[in-house]
Amino acid sequence: DSHIQYERVGADVTMKCGSMDWDAAVTWTANGTDIDPSHLNGSYLILKNVDLTQSGQYSCYEGSSWRLKYQTYLRVGMPPKEPVLMCRSNNYPKGFYCSWHLPTPTYIPNFFNISVIHGTREMVCEKDAFPKNRCHIRYVQLFSTVKYKVTLTVTNALGKNSTTFTFDEFTIVKPDPPESVVAKPVPNNPRRLEVSWQNPSSWPDPESFPLKFFLRYRPLILDQWQHVELSDGTSHTITDAYAGKEYIIQVAAKDNDIGTWSDWSVAVHATPWTEEPKHLTTEAQITETTSASTSSFMPPPTTKICDKGAVVGSGAVAVCWTAGLVVAAYGVLFI
Amino acid sequence: MAAADGLPATLRRRDLCSRGIRLAGKMRSDVVDLLDTYVEWQGLDPSASVAAVEGVPVAAVEHWDEQTGTQRLLENLAAYRAFRALLTQMLEEQREQLDEADTALGRALAAVLLQVSAFAYHLEELLRLECRGPPSEEVAGPSPTAHLSLFERKLRGLGVLRELAQWAVRSARDLRQLAKPSPGSSLPPGPAESP
């Protein structure tokens, strides 16, 4: 017969060859490889101070016939240490979730059981499909002063351990970070950056449960952050950026009244607007323009001088005409 | 329909809700500070558990999101009227206990009492705007505490302040719900605003 046998790391293990007598002639194998007879005491296999590498399939064969008399799968592992448990509400006031993990692996299967008690009421924590070490609870009551008590028990074949976390409804509220953070330069403003973001999509009702925000920014070349706390709105204009320097910007969120700040958002980078260098018209450019005009004369465009954006009022229009006439005169000379 | 000050009712309601939300926020902040002061003055452990105290309105509520606007206002008003009486009682006890009229704790209690009274009045205004008018105040005051030991009275006070802090958070949320142009409100759809 074949079965699984769990043993603790460092234990001494004795395996009997099924119903065979102690003095029967047998051969043991581990994962198909013969085990040296020095590990045998009669027909018993003795493994001292087992370690993780000794996990595997052990088989016992009758000496002469090589009939399989016993088989077991040895799993070497450890009893569970106290699990690490955390609970958080990132979708207040809908509910909260608890997640857990073991601080060190056991190397064998573990089973987790979680209980949630609120006053005298036992609540059901529904296990998430993914990740597996998480469950969620819907709030039945809001604004309660009665604490929640969550107990997580982990059990495996070698032992059991548990931990309890007791908390108030408000203290575990922690939104997800803001989303879609965008930072843009502001045209014609060398010291400004416009930052905007959105409420985390997991926060169900920002109108009734508004978030406030914390923005931090610094130029890449410096280590020190500037901070701004914003009690409403999802945008902010930085007005003291260093001209021409690339900035890194992040935003965090918190419920207006309760709980703790979210983690920082994904960082975005932006550089304030800088003035582009003006183009100078060179002699070569004028020569090239006029020679191209000899076959079918067209006054060349004078966009740089007569840029619509720069033109204000009739005075500037007169300048445009004058420039056009001058160039036309050049064109006539070279026909 | 215009309210007493000539503003359209919807605008007046929104204005009262906004001011109420700010008042609730300030009140909560002051109650949290008062809790620290209270615990220190009374020599209590800040993490001490306090069982439900008789006569203290409990902020905890089920199906909060399903409440109508009127329910929210009535429950809030009943709570703050009760807190007004409870804080008055605490203030008197504190003065008797310390045989002193003016202490930091006394001043802090008095300041919060003033805010609670103001908030209760604010809620009454909102109810008047609903043309329902606030219910008359109950005659019976808070439960007497003469039979309680000094320690029990201190714990009771802790319970009162903790529950008040929860109410301040709940009230801000309730008023935000009320300020929404919501289908959940019991307020009838407003008539066209007067020019």
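No experiment lies behind these values; they were computed from the predicted model shown. Numbers given for residues are sequential positions, taken from 1 along each chain in its written order. In the order they appear in the text, chains get letters beginning with A and ligands get numbers beginning with 1. Since the coordinates come from a predicted model, pLDDT governs what is reported: local features require at least 70, and pairs of side-chain atoms require 80 or more to be given and counted, while whole-chain, interface and lining totals use all residues. Hydrogen atoms and water are omitted, and side-chain values are computed over all heavy atoms in the structure.

UniProt positions are given in the numbering used here, feature names are shortened, and annotations may be inferred rather than shown by experiment. Taking the UniProt record as the reference, the feature "domain: Ig-like" (unreviewed entry) is found at residues 10-60 of chain A. Counting from the N terminus, the helices are the DSSP runs of H or I reaching at least four residues and the strands are the DSSP runs of E reaching at least two. Between the end C-alpha atoms of residues 10-60 of chain A the distance is 23 Å, and the span holds 0% helix and 41% strand.

To characterise two packed helices, one gives the angle between the axes of the helices and the distance between these axes. All names here are of chain B. Between N-to-C directions, angles cover 0 to 180 degrees, with each direction set by a line fitted to C-alpha atoms, over the stretch in contact for helices. It is at 13 Å that the axes of helix α3 (residues 104-129) and helix α4 (residues 150-179) come closest, and there the two elements cross at 25 degrees. Regarding the angle of α3 to α4, the classification is roughly parallel. Between α3 and α4 the crossing geometry is left-handed. Mapping the contact onto sequence places V112, V116, F119 and L126 in α3 and L164, S171, L175 and L178 in α4. Of the residues assigned to the contact of α3 with α4, the class counts are seven nonpolar, one polar and no charged. Convention used here: angles under 35 degrees read as roughly parallel, angles over 145 as roughly antiparallel, angles from 65 to 115 as roughly perpendicular, and any remaining angle as oblique. Crossings are classed by handedness, with left-handed meaning an anticlockwise turn of the near helix from the far one by less than a right angle and right-handed meaning a clockwise turn. Throughout, a residue-residue contact means that at least one pair of heavy atoms, one from each residue, lies within 4.5 Å. Classification used: nonpolar for Ala, Val, Leu, Ile, Met, Phe, Trp, Tyr, Cys and Pro, charged for Asp, Glu, Lys and Arg, polar for all others including Gly.

A separate point is the sheet that holds strand β20 (residues 211-219) of chain A. Residue and element names in this part refer to chain A. One requirement defines pairing of two strands: DSSP has to find at least two bridges between them. With antiparallel pairing, four strands are arranged side by side in an open sheet as β21-β20-β23-β24. In the strand order of this sheet, the two ends are held by β21 (226-230) and β24 (268-270), each with one partner. Taking the axes of each pair of neighbouring strands and ignoring which way they run, one obtains an average angle of 25 degrees across the sheet. By the bridge criterion, three bridges tie strand β23 (residues 247-255) to β24 in an arrangement that is antiparallel. Opposite Y247, over in β24, you have A270 as the bridge partner.

A word on the pattern of salt bridges. A pairing counts as a salt bridge when a side-chain nitrogen of Lys or Arg comes within 4 Å of a carboxyl oxygen of Asp or Glu. Evaluated as defined, the whole model comprises 20 salt bridges over all chains. Ionic pairing is found between A:D205 and B:K180, a salt bridge with its closest N-O pair at 3.3 Å. Taken together, the residues A:D205 in the loop between β19 (189-198) and β20 and B:K180 in the segment after α4 connect one chain to another. Since its relative accessible area comes to 19%, A:D205 is described here as buried. Whether a residue is buried, partly exposed or exposed follows from its accessible area with a 1.4 Å probe, protein chains only, as a fraction of its type maximum: under 20%, in between, or over 50%, in that order. According to the relative accessible area criterion, B:K180 is buried, its value standing at 17%. With a shortest N-O distance of 3.4 Å, A:D257 and B:R173 are connected by a salt bridge. Of this pair, A:D257 sits in the loop between β23 and β24 while B:R173 is found in helix α4, placing the two residues in two different chains. Several salt bridges share partner residues, and in doing so they unite B:R12, B:R81, B:E124, B:E125 and B:R128 into one network.

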